[in-house]
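Here are the chains, one letter per residue:
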Amino acid sequence: MKRIAIILIAFSVLPVSAGPVFASGNLSPWAQTTVELANRERRDRGIPELSVSPTLERAAALKLADMEASGYFAHTSPAGRSPWSFMDDAGYGYRYAGENLAIHFNDPESEHETWMESEKHCQNILDPRFVEVGLAVGKTFFEGRETILVVEMFGTVPGEESSSPLTKEDALAMCRGEEPTVSGISLDEGGLIGSTRVAFPDAAALEEEARAISGGRYDLIELAMTALFSVAQIGIVILSMHLIMSRESDEGIYLS
C-alpha cells in the first residue's frame, strides 16, 4: 500500500532535532536520490534547483522522530504540532515553507513518481519560491510492520528569495500539465517556461509597434470611419422619411 500526506505551504516556517534517521547531509542514498530527482524536475522546467539545508534536515529529523514516538502519519501531530513548529525548534527562520510526507515505499524513485502525480506534492517540489530542502529518512514500525518513513521539508529564509519570474500558480499549472504563465514581470531576453521558450519584447519594441499602427494605418482607418458615419446618417434620414410617410398614409394625409 502506498501512502502520501497532503502538502502544506505556509508563508513562514522554523526548526527541529534528530532520532534514528538518515538525512541527506549524511549522504543517505535515499535522500540524495530524492533531492536529485526533485532538482531534475525543476531543471527541466527552468526552475532554480534546491540546495540542501542542514537546518531543514534537523527540522525534518525532529518531525520524523515525533511521528515515530507518537505513532502517527500526518502533517499535524496528535498534540496539535504543525510542521512549522519543528522548523522553529530547529532554528529555521522562514519566509516560505512546505512539507511532503511519504510512507510504505520501497525506493525513492516510486516515491518521487507518486509525489509528482499528486498536485499538491508536485507543487511543493516545483514551487519556485522554495530555494532549500531538507530530508529525513528512517525505518519505523507503523501499522503493524516495519517500513520506511520520509519527511521532506522545503523553505526559504528572508533575504534569500528566488528571483525566478515563475510563481506557485505556475508550478501547479505544470503539475496539471498546463502551460504556465509569468505573472507581473517580463524578462530582458526571454525565458524558458516549461518546455516552451517565450520571448518578451522590451518597452522600446512595443512603442515602435504602436507608432507604426497609429501612424501608417491612421489615414485608412480615418477614411473608413468617415464613410461608415456617412452611411449611417443617410440610413437615419431614409428611415425617418419612411416613418413620416407611413403615418401620413395611415391618417389619410398625403404630401402635396
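Residues numbered from 1 in each chain as written. Predicted model: local features only at pLDDT ≥ 70, side-chain atom pairs only at ≥ 80, totals over all residues. Heavy atoms only, no water.

Things to note about the pattern of salt bridges
Counted under the stated rule, the structure contains seven salt bridges. Of the charged contacts in the structure, one is a salt bridge between R45 and E41, with a shortest N-O distance of 2.7 Å. The shortest N-O distance in the salt bridge between E161 and R95 comes to 3.6 Å. Within this pair, whereas E161 is found in the loop between β7 (145–156) and α6 (168–175), its partner R95 is found in the loop between α3 (83–90) and β5 (96–103), the two being separated by 66 residues in sequence. Among the residues examined, E161 registers a relative accessible area of 37% and is labelled partly exposed. According to the relative accessible area criterion, R95 is partly exposed, its value standing at 36%. (Salt bridge = Lys/Arg side-chain N within 4 Å of Asp/Glu carboxyl O. Helix = DSSP H or I, 4+ residues; strand = E, 2+ residues; numbered from the N terminus. Buried < 20%, exposed > 50% of the residue type's maximum accessible area, 1.4 Å probe, protein only.)

As for the packing of helix α1 (residues 29–44) against helix α5 (residues 119–126)
The geometry of α1 relative to α5 is characterised by a closest axis approach of 9 Å and an angle of 80 degrees between their N-to-C directions. Taken together, the axis directions place α1 and α5 in an arrangement best described as roughly perpendicular. Between α1 and α5, the contacting residues are A38, E41 and R42 on the first element and N124, I125 and L126 on the second. Looking at side-chain class alone, the contact of α1 with α5 contains three nonpolar, one polar and two charged residues. (Axes fitted to C-alpha atoms, helices over the stretch in contact; angles between N-to-C directions. Parallel < 35°, antiparallel > 145°, perpendicular 65-115°, else oblique. Contact = heavy atoms within 4.5 Å. Nonpolar A, V, L, I, M, F, W, Y, C, P; charged D, E, K, R; others polar.)

Points about the nonpolar core
Across soluble globular proteins, nonpolar side chains have a tendency to be buried as a group. I125, L126 and V150 are the most contacted members of the largest nonpolar core, which has 25 residues in total. Of all the secondary-structure elements, those providing two or more residues to this core are α1, β5, α4 (108–117), α5, β6 (132–142), β7 and α6. For L126, the contacting residues outside a window of four places in its chain are E41, R42, R45, I47, M116, A171, M174 and C175. Within the second largest apolar cluster, 23 residues are counted, among which are M67, M87, L101 and L149. (Core = buried A, V, L, I, M, F, W, Y, C linked by side-chain atoms within 4.5 Å.)

Let's talk about the pairing of β5
By the criterion of burial, β5 is predominantly enclosed, with eight of the eight residues buried. Burial along β5 is two-sided: the residues Y96, G98, N100 and A102 and A97, E99, L101 and I103 are all buried.

Brief notes about the pairing of β7
Looking along a regular strand, one sees side chains alternate from face to face of the sheet. The buried fraction of β7 amounts to 10 of the 12 residues, a majority that puts the element mostly inside the structure. Pairing of β6 with β7, which is carried by 11 bridges, proceeds in the antiparallel orientation. By the bridge assignment for β7, F141 is matched with E146. Taking the residues that link successive antiparallel strands as the turn, the β6-β7 hairpin has two residues, and the phi of E143 there is positive, at about 55 degrees. (Pairing = 2+ DSSP bridges.)

Observations concerning α3
Of all the eight residues making up α3, six are buried; the element is thus mostly covered by neighbouring parts of the structure. Looking at α3, one finds that the buried residues are P83, W84, S85, F86, M87 and A90. Looking one or two residues beyond α3, the residue adopting positive phi is G91, at roughly 85 degrees.

Points about the state of the cysteines
Here, disulfide denotes a covalent bond that connects the sulfur atoms of two cysteines. This structure, assessed with the given rule, holds one disulfide. The disulfide partner of C122 is C175, and the gap between their sulfur atoms is 2.0 Å. Residues C122 and C175 are joined by a disulfide whose S-S torsion is about -90 degrees; by sign, that bridge is left-handed. Pair noted here: C122 is in helix α5 and C175 is in helix α6, with a separation of 53 residues, a long-range link. Side by side, C122 and C175 carry an identical accessibility label, which is buried. (Disulfide = S-S within 2.5 Å.)

Focus on α4
Counted residue by residue, α4 has seven buried out of 10 residues, so it is predominantly covered. All of the buried residues along α4 are P108, S110, E111, H112, T114, W115 and M116.

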